[in-house]
Amino acid sequence: MVFQDRFKNHILPDQIHILNVAFLVPHLRREFGGCAGNIAYNLKLLGGEPLIMATVGDDFAPYEYRLKHLGLAQTHVKRGAADVHRAGVHHHRSDDNQITAFHRAR
């Protein structure tokens, strides 16, 4: 996510004990990631034949295509029911600070 300001401009040190923040995030970019996928990709680059073990939601199709394109087996990737949600994580880093938001997307 892209936040076009500095956290220090919105988090007041004298009120940190009652921290409640909300930020407008005008741009959100989806990227391929996840622990299993990242590790498998790097092992493949090193000449290994990794097997990904994961449960995926109904929005897996673009990632499935990418894994096939990279030559990564999906033998142990389990698809959930049609109404299963996958978790999304959104990061923003600036000035050695980080905000992470978890989102249950459909």
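**With respect to the pattern of salt bridges**
Counted according to the given criterion, the structure contains three salt bridges. Of the charged contacts in the structure, one is a salt bridge between R79 and E64, with a shortest N-O distance of 2.6 Å. Here E64 lies in helix 2 (residues 61-69) and R79 lies in strand 2 (residues 73-79), a separation of 15 residues in the sequence. Look at R79 and you get partly exposed, because its relative accessible area is 46%. When salt bridges with common partners are traced through the structure, they connect E64, K68 and R79 into a single cluster.

**Considerations on the side chain of Q74**
Within the secondary structure, Q74 sits in strand 2. Within the structure, Q74 has its side chain in polar contact with the backbone oxygen of E64 (distance 3.3 Å). Ignoring sequence-local partners within four residues, the contact set of Q74 consists of F60, E64, L67 and K68.

**Some thoughts on the packing of aromatic side chains**
Scanning the model with the defined rule gives one aromatic pair in all. Measuring from centroid to centroid gives 6.2 Å for F60 and Y63, while their planes differ by 45°, and the two rings are tilted. With a relative accessible area of 7%, F60 lands in the buried category.

Reading guide: rules and limits
Residues numbered from 1 in each chain as written. Predicted model: local features only at pLDDT ≥ 70, side-chain atom pairs only at ≥ 80, totals over all residues. Heavy atoms only, no water. Salt bridge = Lys/Arg side-chain N within 4 Å of Asp/Glu carboxyl O. Helix = DSSP H or I, 4+ residues; strand = E, 2+ residues; numbered from the N terminus. Buried < 20%, exposed > 50% of the residue type's maximum accessible area, 1.4 Å probe, protein only. Polar contact = N/O pair within 3.5 Å; in protein donor to acceptor, adjacent residues only side chain to side chain. Contact = heavy atoms within 4.5 Å. Phe/Tyr/Trp six-rings, centres within 6.5 Å; stacked < 30°, edge-to-face > 60°.

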